[in-house]
Amino acid sequence: MQVKTKRSKQEVAEAMGEIEPCYRKQEAKVEADRCLYCFDAPCIMACPTGIDIPGFIKKIATGNLIGSARVILESNILGASCARVCPTQVLCEGACVMLDRDEKPIKIGRLQRYATDALWEKGVNPFPKKVKPNGKKVALVGSGPASLGCAAELARLGYATTVFEKDAEPGGLNRYGIAYYKMPPAVAQQEVKWVKDLGVEFRTNTEIGKDVPMEKLLADYDAVFLGMGLGRTHRLGIPGEDKAGVVEALEFIRWIHTKPLHEVPVGERVAVLGCGNTAIDAVTQAKRLGAKEAVIIYRRGEGDMTAYPYEYELAKKDGCNFLFHTAPVEILGEKQVTGIRLIRKQVGADGKATNVAGSEFTEPFDMVIMALGQEKQASLWQKLLPKLKFDSAGRLECNPATGQTSMPKVFAGGDAVSGGREVVNAVAEGKKAAHGMHALLCGKPVNGPIQASRLGHRDGAKGSGFLRPVRVPELEAAYKKERNAKSHG
Amino acid sequence: MADLSVNFAGIHSPNPFWVASAPPANTAYQCHRAFEAGWGGLVWKTIGDPIVNVSSRYSSLDIAGNRMVGFNNIELISDRSIETNFKEIKECKKRWPNRALIASLMTDTKENWHEMLARALDSGADGVELNFGCPHGMCERGMGSAVGQNPDVMETIVGWVMEATQLPVIVKLTPNVTDVTRPARAAKKAGANAISLINTINSITQVNLDTMCPEPYVAGRSTHGGYCGPAVKPIALNMVQSCAIDPEVGLPISGIGGISNWKDAAEFIALGSTNVQVCTAIMHYGFRIVEDMIDGLNDFLDSKGMKSVNDLRGLAVQSVQKWETLDLHYQRIAKIDYDKCIGCNLCYIACEDGAHQAIALVSPNGQGLGPGRLPGKAIPQIKEKECVGCNLCSLVCPVEQCITMVDVPNDQNPLSWKEYQTRLASGKMKAIPAHD
Ligand SMILES: Cc1cc2nc3c(=O)[nH]c(=O)nc-3n(C[C@H](O)[C@H](O)[C@H](O)COP(=O)(O)OP(=O)(O)OC[C@H]3O[C@@H](n4cnc5c(N)ncnc54)[C@H](O)[C@@H]3O)c2cc1C
Ligand SMILES: Cc1cc2nc3c(=O)[nH]c(=O)nc-3n(C[C@H](O)[C@H](O)[C@H](O)COP(=O)(O)O)c2cc1C
Ligand code: SF4
Ligand code: SF4
Ligand code: SF4
């Protein structure tokens, strides 16, 4: 069976439409009014970019939408994307005090979208004030969230910044990789425009190391930021991976962001190998594009999945299927995939998944999506910059507070450093690197604008998520433990 | 089941809940609906020479999604003819003989007052209420609050009324005065049987920033309106208590202003009202709200072991005294219940910026986990030595019973300002040092 498009233009548009629409005015007002306007709020502590959340929500409540959006973008230039793609349940919303009052947390993400959408709609430039150039130049490799976060911050500090992007359009995975029903590419494109409005120059279709040598950047610029993200999807190393109908998840998702939706090819019976958030995005989009059956195949059990629980719920709601404790042995077919030979797995007392002898079976599929995580680019970059240091997992090493690598003029952030996290982390790391560069090149620390909702904190604005981000689930357990151990008073 | 019936200046009603003279009391139809719902009495929409109203008449103060926290109107008295109004009162009284039905009146000359009183008597109304409170429109024509603000004029007019009727007479007071006991005393002097208060307060609720004209908007203009609803309750309670404690007033009081439920009503009664009247809450939710009022007041009285609503009357009046009698040695401080605290730090910032810098945000370093679920999250801690017991933090805390104010016992004898001044003067004690 041939992999081809499955649904009409209208059907796909509907199926792939945003799962959470923008709030209407009344909804936004009701939700904004619910926020307590905490002082030194925990939600800020859980935002990696340290957005003044009560500050922007208060402004929505008073109808000051442009001011609200400005508060957001001041801390996070990708605030519009983050509003849609952040795992808010484990970030800001997971920290909201309302949870302790047995109430639903404030829908911070949706309010953030409401404010940034208003700015976008009105076509207002959030940062009209021209910054005096400080005479320094910085080059940035890649135009993903990390570089955009860094470039925006640098531009606002007076640097001449140039972003080099090998792809045709700037934005990185935020432009080509986010599940379509969470965010259409137009949002990422608008954000790039905001960054351009700050005076940042973009050179697309320009690969560093190929079109422009790395040495040239080091020679021509005062500092360089590496925000090249991760590489291709891992291979499984089983027979048949080269057959027609086998695609990398990132490639498949990229089609969705570059072709008209109704022309995106998808199989009748689609297998997705892997079980992280990318796998969930792939299986859900395959289903929405019209696959009759879309199945995740994972060698471990439900409880071992690395995908967020609500992502898993979404896939189940969309009618996707899950084959747990199962692994592929061989991809079958002549030229085109016709199925997968699979084997049952069992998890032993040592936690290792081993084959169940004699349990092999075959399932028919006409499309196989590989979602096994992305490769690091360590070997490539070690060639381009031999002095760079990488850890054993292939992650670029740098000082987490400043983003500075083992080469003093070279800074880094984003997936290349973290090994793959979220958009918001990449932006925050880019911002930190900008501050690191500013300290190096101008000898000045950057004390971000004092947030209105922490103004007057005698001990200083400690605990901002930007300086010391917290993630909620990891903390919940610790908190409970502590609470049991001692009572306050 | 407690007895809710009241005798207000000789007017009997099965419960103390009356519909105030206002739009809900405009027609026989509404009167039937009100009594069907259970209201104990109704003061008919003020009757006088029919007026002409403008279009666009109300505006409101909304706070954080709560509609009509305060309500403003520029309506005048009844726009229906005097004949129609009295005809309908007659009809209603016939159908509801056991409910209190009061005719609210407003007119100008002695002759006109006498004629209105004759019609009221003929209609079978249980009493009359003299509207000396309407603060807009009617006062420009020398009626309403123009009378209520001038005790001498009011005394004269009440005198005309008293000489011409045997019906119980209630004088409705305007709050737009500096001392409400002055018109109340005038009513008493002239022989009135009762007072009712408050009528509406002069107001402008909002300015439309596009038209640069307040609401309610009438062809490019607005006017000073009358304010009522939940936001005016504290003002009304203050005035009711002032009249209740004044021996020179000594009249039964019908409490009005911002009453929305049984609790509000109970507070008015505890501060000296015999019954209460309601307008805005009905305009907001309809007559059905009386069901909970009756039920709730009943349960409350039962829980306090009171047999009748009359047992509640005035119980709180004497607890409000002059400032100079308060004990300067009494001390309370704030206490945080950390099991309830959600870590919003609103108490901290309120005390820090708005009160006495008596709450510390305990530094996250070394503090470990705190409320608000995040490790390292700063938590509020009362500096007991600094706390002056102002209550502010407990008022801003969004969690019920999380910050409580607790008494700090001390071994000093009570000392009022008055005593303090005498003892200072006689050299019996040293001055209390000023705060630094
Ligand atoms: C399928 C998928 C779904 C995701 N969904 C979410 C989500 O819902 N929410 C969320 O918060 N995060 C999500 N993420 C993660 C998020 O996209 C990344 O964490 C984030 O984009 C990382 O930003 P970055 O700038 O480090 O790298 P990238 O976004 O990967 O950007 C790197 C850029 O560098 C360019 N580049 C690389 N090498 C060179 C070179 N030599 N010269 C020039 N340019 C170069 C690349 O073309 C690319 O544009 C998802 C990731 C994937 C894979
Ligand atoms: C629209 C409107 C019209 C009113 N008309 C009268 C009136 O004709 N006569 C009168 O004595 N009081 C009138 N009032 C005042 C009410 O009877 C009552 O005193 C006041 O609204 C305070 O009570 P509340 O807070 O329950 O509304 C009116 C109030 C409103 C809102
Ligand atoms: S924690 Fe919740 S309630 Fe408090 S400021 Fe943040 S969003 Fe608002
Ligand atoms: S009672 Fe007043 S002084 Fe004391 S802690 Fe609270 S706000 Fe501060
Ligand atoms: S206001 Fe109340 S809930 Fe909030 S921090 Fe203070 S004590 Fe805790």
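From a predicted model like this one, the values you see are computed outputs, not experimental measurements.

A. Quick peek at the overall build of chain A. Scanning chain A from N- to C-terminus turns up 19 helices and 14 strands. For chain A, the C-alpha atoms occupy an extent of roughly 70 × 55 × 50 Å along the three principal directions. For chain A, buried positions account for 56% of its 489 residues. In chain A, the share of contacts with a sequence separation of at least 24, taken over all contacts with a separation of at least 6, comes to 72%. Carbon and sulfur atoms make up 51% of the accessible area of chain A, which totals about 21200 Å². Seen as two clouds, the 69 positive and the 57 negative side-chain charges of chain A have centres 4 Å apart.

B. Spotlight on helix α1 (residues 28-37) of chain B. All names here are of chain B. Along α1, the positions that sit buried rather than exposed are Ala28, Cys31, His32, Ala34 and Phe35. Down the axis of α1, the buried set is contained in an arc of 165°. They therefore lie on one face. Exposed side chains of α1 directed beyond 90 degrees from the buried face belong to Tyr29 and Glu36. Those residues of α1 that are buried lie in contact with β3 (17-19), β4 (41-43), α2 (82-95) and β7 (100-105). The positive-phi residue at the C-terminal boundary of α1 is Gly38, with phi of around 125°.

C. Quick peek at the domain arrangement of chain B. You can read the domains of chain B as domain 1 (6-319) and domain 2 (323-425). Look at where the C-alpha atoms of domain 1 of chain B and domain 2 of chain B centre, and you get two points 40 Å apart.

D. View of the packing of helix α3 (residues 110-123) of chain B against helix α5 (residues 151-164) of chain B. Residues and elements named next belong to chain B. Viewed as axis vectors pointing N to C, α3 and α5 meet at an angle of 40°, and their least axial separation amounts to 9 Å. If you check the angle between α3 and α5, you find them oblique. Regarding α3 and α5, the two cross each other, and that crossing is right-handed. Contacts between α3 and α5 involve Lys110, Trp113, His114 and Leu117 from the former and Ile157, Trp160, Val161, Glu163 and Ala164 from the latter. Of the residues contributing to the contact of α3 with α5, the split by class is six nonpolar, one polar and two charged.

E. How the structure looks around the site of ligand 3. Around ligand 3, the neighbouring residues are A:Cys35, A:Leu36, A:Cys38, A:Ala41, A:Cys43, A:Pro54, A:Cys96, A:Val97, A:Ile106 and A:Ile108. For the shell around ligand 3, the per-class residue count stands at 10 nonpolar, no polar and no charged.

F. Representation of the packing of aromatic side chains within the structure. Residue and element names in this part refer to chain A. Counted according to the given criterion, the structure contains 13 aromatic pairs over all chains. When the ring of Phe164 is compared with that of Tyr221, the centres are 6.3 Å apart and the planes differ by 85°; the resulting orientation is edge-to-face. Of this pair, Phe164 sits in strand β2 (residues 160-164) while Tyr221 sits in the loop between α12 (214-220) and β4 (223-226), and the two are 57 residues apart along the sequence. One aromatic cluster is present, formed by Tyr312, Phe322 and Phe324 through successive ring pairs. The ring of Phe127 has Arg156 lying over it, and the distance from NZ or CZ to the ring centre is 4.4 Å. Here the guanidinium or amino end of Arg254 rests over the ring plane of Tyr176, the centre of that ring lying 4.0 Å away.

G. Local environment of the domain arrangement of chain A. Residue and element names in this part refer to chain A. Taken domain by domain, chain A holds domain 1 (19-231 + 375-489) and domain 2 (246-370). Using only C-alpha atoms to locate each centre, domain 1 and domain 2 end up separated by 31 Å. Between domain 1 and domain 2, the residue contacts involve 19 residues of the former and 16 residues of the latter. Interface area for domain 1 against domain 2, summed over the two sides, is near 1400 Å², with a carbon-plus-sulfur share of 55%. Where domain 1 packs against domain 2, one counts two salt bridges.

H. The arrangement of the nonpolar core in detail. Residues A:Ile53, A:Phe56, A:Ile57, A:Ile60 and A:Leu111 are the most contacted members of the largest nonpolar core, which totals 102 residues. Beyond its immediate sequence surroundings of up to four residues, A:Ile60 is in contact with A:Ala28, A:Ala32, A:Leu65, A:Ser68, A:Leu111, A:Tyr114 and A:Ala115. Listed in part, the 80 residues of the second largest apolar core include B:Leu101, B:Ala184, B:Ala281 and B:Ile289.

I. Spotlight on the sheet that holds β7(B). Residues and elements named next belong to chain B. Strand order around the closed barrel formed by eight strands is β3-β4-β7-β8-β9-β10-β15-β16, with parallel pairing between neighbours. On average, each strand axis in the sheet is tilted by 25° relative to the strand beside it, whichever way the strands run. One ladder, built from four bridges, connects strand β15 (residues 253-256) with strand β16 (residues 273-278); its direction is parallel. Counted as the bridge partner of Gly255 is Val276 from β16. The strands touched by α1 within the sheet are β3, β4 and β7, with β4 carrying the most contacts at an inclination of about 150°.

J. Quick look at the pattern of salt bridges. All chains considered together, the criterion is met by 42 salt bridges over all chains. Two residues, B:Glu248 and B:Arg185, come together in a salt bridge whose shortest N-O distance is 3.5 Å. A residue pair is termed long-range when its members are at least 10 positions apart, and B:Glu248 in the loop between α7 (233-245) and β15 and B:Arg185 in helix α6 (residues 181-189) qualify at 63 residues. Take B:Glu248: its relative accessible area is 48%, and that puts it in the partly exposed class. Each of the salt bridges in this network shares a partner with another, and the network as a whole consists of A:Glu18, A:Arg84, A:Arg113 and A:Asp117.

K. A look at the site of ligand 5. Among the 13 residues in the neighbourhood of ligand 5, the closest are listed as B:Cys341, B:Cys344, B:Asn345, B:Cys347 and B:Cys397. Its residues assigned to classes, the shell around ligand 5 comprises 11 nonpolar, two polar and no charged.

L. Representation of the pairing of strand β10 (residues 337-347) of chain A within the structure. Residues and elements named next belong to chain A. Relative to β10, strand β9 (residues 326-333) runs antiparallel, the two being bridged by seven bridges. Its bridge partner lying in β10, Gly333 is registered against Val337. Between β9 and β10, which pair antiparallel one after the other, the connecting turn spans three residues. Across four bridges, the pairing between β10 and strand β12 (residues 361-364) is antiparallel.

M. Quick look at the confidence of the model for chain B. All names here are of chain B. Summary statistics for chain B give a mean pLDDT of 94 and a share of 97% for residues scoring 70 or more. Below a pLDDT of 50 lies the segment residues 366-371, which in the model reaches 24 contacts outside its immediate sequence neighbourhood of four places, other chains included. The complex model carries a pTM of 0.89, and its ipTM stands at 0.86.

N. Geometry of the sheet that holds strand β3 (residues 201-203) of chain A. Residue and element names in this part refer to chain A. If you walk across this open sheet you meet the five strands as β3-β2-β1-β4-β14, and the pairing is parallel. With partners counted over all chains shown, the strands left at the sheet margins are β3 and β14 (410-412), one partner each. Shown here is a sheet whose adjacent strand axes are inclined to one another by a mean of 20°, direction ignored. Where β2 and β3 come together, three bridges link them in parallel fashion. Looking at the pairing, Phe164 lines up with Arg203 of β3. Packing against the sheet, helix α9 (residues 145-156) makes contact with β1 (137-141), β2, β3 and β4, and its axis sits at approximately 170° to β1. Contacts from helix α18 (residues 423-442) reach β1, β4 and β14 within the one sheet, and its direction differs from that of β4 by about 165°.

O. Seen up close, a negative patch on the surface. A contiguous patch of negative charge on the surface is contributed by B:Glu291, B:Asp292, B:Asp295, B:Asp299 and B:Asp302. Mapped onto the secondary structure, B:Glu291 falls in helix α10 (residues 290-303).

P. Structural context of the state of the cysteines. Tallied over the full model, the rule gives zero disulfides over all chains. Its sulfur unpaired, A:Cys275 is 11 Å from the next cysteine sulfur, which belongs to A:Cys320. Relative accessible area serves as the criterion here: at 5%, A:Cys275 is assigned to the buried category. Here B:Cys228 is not cross-linked by a disulfide; its sulfur's nearest cysteine counterpart is in B:Cys279, at 5.3 Å.

Q. Quick peek at the pairing of β15(B). All names here are of chain B. Alternating positions in β15 separate into two faces, Ile253 and Gly255 on one and Ser254 and Ile256 on the other, with burial throughout. Taken together, the three bridges between strand β10 (residues 194-197) and β15 define a ladder with parallel strand orientation. When the sheet's bridge partners are listed, Ile195 is paired in β15 with Ile253. Once you follow β15 into helix α8 (residues 262-270) and on to β16, the crossover reads as right-handed.

R. Geometry of α6(B). All names here are of chain B. Along α6, the residues that are buried comprise Thr181, Pro183, Ala184, Ala186 and Ala187. Close packing links the buried residues of α6 with α4 (145-148), α5, β9 (169-172), β10 and α7. At the C-terminal side of α6, Gly191 shows a positive phi close to 100°.

Cut-offs applied
- Residues numbered from 1 in each chain as written.
- Chains lettered and ligands numbered in written order.
- Predicted model: local features only at pLDDT ≥ 70, side-chain atom pairs only at ≥ 80, totals over all residues.
- Heavy atoms only, no water.
- Helix = DSSP H or I, 4+ residues; strand = E, 2+ residues; numbered from the N terminus.
- Buried < 20%, exposed > 50% of the residue type's maximum accessible area, 1.4 Å probe, protein only.
- Contact = heavy atoms within 4.5 Å.
- Areas by Shrake-Rupley, 256 points an atom, 1.4 Å probe, with all protein chains shown as cover.
- Lys, Arg positive; Asp, Glu negative; His and termini not counted.
- Charge placed at Lys NZ, Arg CZ, Asp CG, Glu CD.
- Arc of directions from axis to C-beta.
- Domains from an automatic or database assignment.
- Axes fitted to C-alpha atoms, helices over the stretch in contact; angles between N-to-C directions.
- Parallel < 35°, antiparallel > 145°, perpendicular 65-115°, else oblique.
- Left-handed = near helix turned anticlockwise from the far one by under 90°.
- Nonpolar A, V, L, I, M, F, W, Y, C, P; charged D, E, K, R; others polar.
- Near = heavy atom within 4 Å.
- Phe/Tyr/Trp six-rings, centres within 6.5 Å; stacked < 30°, edge-to-face > 60°.
- Lys NZ or Arg CZ within 6 Å of the ring centre and 35° of its normal.
- Buried area = accessible area lost by both parts, 1.4 Å probe.
- Salt bridge = Lys/Arg side-chain N within 4 Å of Asp/Glu carboxyl O.
- Core = buried A, V, L, I, M, F, W, Y, C linked by side-chain atoms within 4.5 Å.
- Pairing = 2+ DSSP bridges.
- pLDDT = per-residue confidence, 0-100.
- Patch = residues over 30% accessible without salt bridge, like charges linked within 9 Å, V, L, I, M, F, W, Y side chains within 5 Å.
- Disulfide = S-S within 2.5 Å.
- Right-handed = clockwise from strand over helix to strand, strands pointing away.

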